[in-house]
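Descriptive analysis of the structure
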Amino acid sequence: MSKQRRLSKIFAQDGKSVTLALDGYFFSTKTEGIDNTIKQMPELVANGLDCALVTYGMARNYQKEFKDISIVLRVDSTVNVYDNSVPDTQQVFTTEDALKIDADGMVCMTFPGAFNEEKTHAMVARLVKEAEQWNMPFIVESLPYGYPVTSPESNEAKVIADAARIAVELGADVIKTRFSGTEDDYLIVEASMVPVLALGGPKTDTLGYFKFVEHCMNMGAKGVAVGRNITQDPKPIAMVAGLNAIIHQGASPEEAYALYQNTK
């Protein structure tokens, strides 16, 4: 299968994607809501979900739930799941593993500026070469100075943009990274040269989150790759419907919120 065909499953025909990050088990014990959300997968797909980031175990154990959704395999994990700062990462799966579960892509982190920068860059470079042999799209989650926001610099648009560009130069087909929420976030997309998915988002109310997503789209993002803002929302299906409205239909945050309120 060609890389473009696989990418066309991750992204909809408009080149945008509502991606659900279900790979939290590899990085944290704060995984409430993930399994329950997976069980609602048919309804999530019906309401606009395009893709899911998954673990190898999920792909094997939830084959029925994932049969109508594009999946991307997380190939790295934390070295200490009880430390929510994700102190370091390690490679745990390969392109061949992704092919075994019929994944449409792989995703891996790298940490420019962190103590383990050399190690994570080498991991990405190695996986890029491997993925190229099989036309497997490779998403790089490039986060400056490490996984969490720990300083003003780690959440500065120019710094995030530099980190994104490093991942592109290593061979990323798609960038997944944080957005600062400022008007300088266009620098992240400008530097990337490949589609950018905004991760996570601020801890705020639903309307506030929708406003953040609209901001990311206005800055040039091609969608979101979000976990807890869906899996730990009281209404995951409604949240996906609202995100779909903003990302694929150009709805305002207020319109998306009204849809969220009216979706069971």
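Identification of the chain as Phospho-2-dehydro-3-deoxyheptonate aldolase from Providencia huashanensis is taken from an unreviewed UniProt entry.

Turning our eyes to something else, we now look at the pattern of salt bridges. One pass over the structure, following the stated rule, counts twelve salt bridges. Ionic pairing is found between Arg74 and Asp76, a salt bridge with its closest N-O pair at 2.9 Å. Assessed through its relative accessible area of 0%, Asp76 is described here as buried. Of the charged contacts in the structure, one is a salt bridge between Lys176 and Glu141, with a shortest N-O distance of 2.9 Å. A residue pair is termed long-range when its members are at least 10 positions apart, and Lys176 in strand 8 (residues 174-177) and Glu141 in strand 7 (residues 138-142) qualify at 35 residues. Owing to a relative accessible area of 5%, Lys176 belongs among the buried residues under this scheme.

Attention shifts here to unusual backbone geometry. The backbone of Asn135 shows a phi angle near 55°, a positive value even though the residue is not glycine. Structurally, the position occupied by Asn135 is in the loop between helix 6 (117-133) and strand 7. Unusually for a residue other than glycine, Met193 sits at a positive phi of about 70°. Considering the arrangement of structural elements, one finds Met193 in the loop between helix 8 (186-192) and strand 9 (196-199).

Cut-offs and rules
Residues numbered from 1 in each chain as written. Predicted model: local features only at pLDDT ≥ 70, side-chain atom pairs only at ≥ 80, totals over all residues. Heavy atoms only, no water. Salt bridge = Lys/Arg side-chain N within 4 Å of Asp/Glu carboxyl O. Buried < 20%, exposed > 50% of the residue type's maximum accessible area, 1.4 Å probe, protein only. Helix = DSSP H or I, 4+ residues; strand = E, 2+ residues; numbered from the N terminus.

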